[in-house]
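# Examination of the molecular architecture
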Amino acid sequence: MSLKTTINQFTFENCLMNASGVHCLTSTDMLDVLNSDAGAVITKSATPQERAGNPSPRYFDVPLGSINSMGLPNNGFDYYLEFVLGQQDKTPEKPLFFSVAGMSFNENIDMLTKIQESTYTGLTELNLSCPNLPGKPQVGYDFEQTELILTEVFSFFTKPLGVKLPPYFDIVHFEQMADILNKFPLTYVNSINSIGNGLYIDIDAESVVIKPKNGFGGLGGDYVKPTALANVRAFRTLLKPEIAIVGTGGIKSGQDAFEHILCGASMLQIGTQLQKEGTAAFERISRELAEVMAEKGYQTLDEFRGKLKTI
Ligand code: DHB
C-alpha cells in the first residue's frame, strides 16, 4: 500500500500536506509539519513586508468547519525565503512549497523575481484568492487580471509554479478560467481557497463571531467539501494533463481524501482539520485513506485518481 504521489518532477511519499495559512506561520510550525507524516509543507502566504493582519478574534471553529478573516498575518517574504533555502537540502524527500500573496500586481512580480533569482529549488504557489483584505477583491474572480499577471509572471519565471484559486460556482466560469490557465506552463492548480465572505452567527449572543469585516470571513471544513470536489473535478477535466491538481477543501477523513483523488487531485492540502486536530491529523487521515484503499483493493493512488464515474 502506497500513498506516494508526484507533481511534475517532484515525488512525495505521502499525498497529504498543510494548506497555506494553517500551521505554517513560523519555522517551528513548518518543522512540525515536516516532522509529521505529511509529505510536504507550504509556507504561510508571504507579503513583501511582515504584517500583523486583522484584529482578533479573527478565526473561529464552528461545528461544521471554520470561519476566518486573518488578513494575511505573516513574517514577511525574507523570513520564508530564508526558511525554504535553509530547509530544502535537509529534507529533500519532502519538497517545499513557498506561497506568495502580494497585495498588488507589482508586489507579486517583485517576490517572484526574488524567488527566480534565488537558489530555491522547490515549488512556488501564487495565491490569487485571499478573501480577507478589506477593499481588495480576490484576483481569481477577475479573469482579465489573472491572465495579465500570469502573462507577466511567465515572461521571466521558469521555476515550478502553481496557482491557488478561489472556488467557482458556474460551469462557464470553470471553462473561462481553464482556457486562461491552459495558456501557461503551470505546474499545478490548487482548488479551493476558502469560500469567501460567509457569515457565522452565535444565536445566544445574537452576534457575529469574528471581528474583522463585521463578521464576514472565509469558510472552510465540511461546508466547502462539495464545492471543492466540484472545482477539482472541473479543472481536472478542463485543464491540460501536464497541469496537476492540488485538492484542498473539507478533507477531514480518509474518505474525504479518497473523494478528492477520485476527482483528480494529485496532492491534498488540509486546513480546517489541521487547525482543529494538529499534525496528528496527517497520520490518522493517511491510515484511514489506506483502509479505504485496502477495502477497495487499490494499492496505489494512480489506480483510482481521476476515475470518478458519471451516470
Ligand atoms: C488569508 C486567507 C486566505 O484564504 C488566503 O488565501 C490568504 C490569506 C488571510 O486572511 O490571512
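Residues numbered from 1 in each chain as written. Predicted model: local features only at pLDDT ≥ 70, side-chain atom pairs only at ≥ 80, totals over all residues. Heavy atoms only, no water.

## Some thoughts on the sheet that holds strand β6 (residues 65-68)
- Taken together, the four strands give an open sheet; going across it, the order is β5-β6-β14-β11, and neighbouring strands pair in antiparallel fashion. Two strands bound the open sheet, and with one partner strand each, they are β5 (59-62) and β11 (195-199). Across this sheet, the average inter-strand angle for adjacent strands is 40°, counted without regard to direction.
- Pairing between β5 and β6: four bridges, direction antiparallel. In the sheet register, Y59 faces β6, and the bridge partner there is N68. (Pairing = 2+ DSSP bridges. Helix = DSSP H or I, 4+ residues; strand = E, 2+ residues; numbered from the N terminus. Axes fitted to C-alpha atoms, helices over the stretch in contact; angles between N-to-C directions.)

## Topic: the pattern of salt bridges
- In total, this model carries nine salt bridges according to the counting rule given.
- For E288, the salt bridge goes to R284, with nearest N and O atoms at 3.0 Å. One end of the pair is E288 and the other is R284, both in helix α9 (residues 280-296) and four residues apart, which spans about a single turn.
- Residue R284 is classed as buried on the basis of its relative accessible area of 18%. (Salt bridge = Lys/Arg side-chain N within 4 Å of Asp/Glu carboxyl O. Buried < 20%, exposed > 50% of the residue type's maximum accessible area, 1.4 Å probe, protein only.)

## Notes on the site of the ligand
- Around the ligand, the surrounding shell holds 13 residues, and the nearest of these are G71, L72, N127, N132 and N193.
- N127 is positioned such that a nitrogen or oxygen atom in its side chain is 2.8 Å from an oxygen atom of the ligand.
- Between the ligand and N193 there is a distance of 2.5 Å, counted from an oxygen atom to a side-chain nitrogen or oxygen.
- Its residues assigned to classes, the shell around the ligand shows five nonpolar, seven polar and one charged. (Near = heavy atom within 4 Å. Polar contact = N/O pair within 3.5 Å; in protein donor to acceptor, adjacent residues only side chain to side chain. Nonpolar A, V, L, I, M, F, W, Y, C, P; charged D, E, K, R; others polar.)

## Remarks on the side chain of T248
- Here T248 lies in strand β15 (residues 244-248).
- For T248, a relative accessible area of 5% puts it in the buried group.
- Side-chain polar atoms of T248 contact the side chain of Q269, separated by 3.4 Å.

## Structural notes on a nonpolar patch on the surface
- Nonpolar side chains collect at one region of the surface, where L199, I201, V208 and F216 lie side by side and expose about 330 Å² of accessible area between them.
- Within the secondary structure, F216 is located in strand β14 (residues 216-221). (Patch = residues over 30% accessible without salt bridge, like charges linked within 9 Å, V, L, I, M, F, W, Y side chains within 5 Å. Areas by Shrake-Rupley, 256 points an atom, 1.4 Å probe, with all protein chains shown as cover.)

## Brief notes about helix α5 (residues 171-181)
- Three or more residues of α5 are buried, namely F174, M177, A178, I180 and L181. An end-on view of α5 places all buried positions within 155° of arc, on one side of the element. Residues of α5 that are exposed and point over 90 degrees away from its buried face: I171 and D179.
- Looking at the buried residues of α5, the elements they touch are α4 (143-153), β9 (161-165), β10 (188-191) and α6 (225-238).
- With a side-chain oxygen lying 2.9 Å from the backbone nitrogen of V172, the N-terminal cap of α5 falls on D170. (Arc of directions from axis to C-beta. Contact = heavy atoms within 4.5 Å.)

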